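This is what each chain is made of:
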Amino acid sequence: MLVFCTLVCCSGFLMHLSPLPQVGEPSFVRLLKLQVLSLIVTPDTVGTILREFQTYVQDGDEAFVRAAIQSVGLIATKLPSVADRCLRGLMGLINIGSNFVVASAIIVIRQLLQQHPQHVNIIVRLAKRLSSTTVPPARAAIVWIIGEFQSQDRVARLAPDTLRVLAKGFREEHSVVKNQILNLAVRSLHRGWPGASNRVPPISPFFDIHVPCYACVVRCALCRPRSTSASPTPPW
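Definitions and limits used
- Residues numbered from 1 in each chain as written.
- Predicted model: local features only at pLDDT ≥ 70, side-chain atom pairs only at ≥ 80, totals over all residues.
- Heavy atoms only, no water.
- Phe/Tyr/Trp six-rings, centres within 6.5 Å; stacked < 30°, edge-to-face > 60°.
- Helix = DSSP H or I, 4+ residues; strand = E, 2+ residues; numbered from the N terminus.
- Buried < 20%, exposed > 50% of the residue type's maximum accessible area, 1.4 Å probe, protein only.
- Bend = angle between axes of the 7 residues up to and from the residue.
- Contact = heavy atoms within 4.5 Å.
- Axes fitted to C-alpha atoms, helices over the stretch in contact; angles between N-to-C directions.
- Parallel < 35°, antiparallel > 145°, perpendicular 65-115°, else oblique.
- Left-handed = near helix turned anticlockwise from the far one by under 90°.

Counted under the stated rule, the structure contains 3 aromatic pairs. Plain terms: the ring middles of Phe-53 and Tyr-56 are 5.4 Å apart, the flat faces sit at 45° to each other, and that makes the pair tilted. Of this pair, Phe-53 and Tyr-56 both sit in helix α4 (residues 46-56), 3 residues apart, which is roughly one turn of the helix. We classify Tyr-56 as buried; its relative accessible area is 6%. Arranged with centres 6.2 Å apart and planes meeting at 90°, the rings of Trp-144 and Phe-149 form a pair that is edge-to-face.

Here we take up helix α10 (residues 153-168). At Ala-159, α10 shows its maximal kink, close to 30°; a proline, Pro-160, follows between one and four residues later. The complete set of buried residues in α10 reads Val-155, Ala-159, Pro-160, Thr-162, Leu-163, Leu-166 and Ala-167. Those residues of α10 hidden inside the fold are in contact with α8 (120-128), α9 (136-148) and α11 (175-190).

Right, let's get into the packing of helix α7 (residues 99-115) against α9. Between α7 and α9, whose axes approach to 8 Å, the crossing angle comes to 25°. Between α7 and α9, the crossing angle belongs to the class labelled roughly parallel. Considering only the axes of α7 and α9, their crossing is left-handed. Taking contact as the criterion, the partners of Ala-103, Ile-106, Ile-107, Arg-110, Leu-113 and Gln-114 in α7 are, on α9, Pro-137, Ala-138, Ala-141, Ile-142, Trp-144 and Ile-145.

Printed below as a string of structure tokens:
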């Protein structure tokens, strides 16, 4: 930790010496350098650092590649002026990367879209990649994105068919994806799509314990008739 703080405080000196991760260095040193680069980045150095990161994502160390992709997200958060560039680069990884690269990129893209929801084209492209995405956290991230951004007309048009397809294969999905499918059903009903209540996946004793409990709550919420009294409306 002392070394890390010293490196950050001496950022100008470090950039002059080009403290870039090198092949053959211990893993913890390479990861530490990634953290430093994402912390000391400035508008003047961001171009150089992002170009370096383009080579890092081709590394054979999966943990290092994931950390590099996450660092791109940190840089985009720190310097919003380069967020568009970072999003384009991450989308490029989705087209050419391996499964774990694609999954890592999608998760970071989800985080950035929360800060930059105007990128409707990226949201739609991700939604269309759901069927070819197999890593559970990445699938869950895409389903969350579809539900979160239904206020966008192009996304709202995709949601009903997406939910129908996901409901059919609900039994085979990972629990983290199942939860997001149920969330998508709730959000779809909230948006006024009447078919959502008929697409809540059936409860099965073979599901993970917490999933059917959550599914029961969702089903009750969707199927409960709306009250005509003046009682406050639940926030969900």
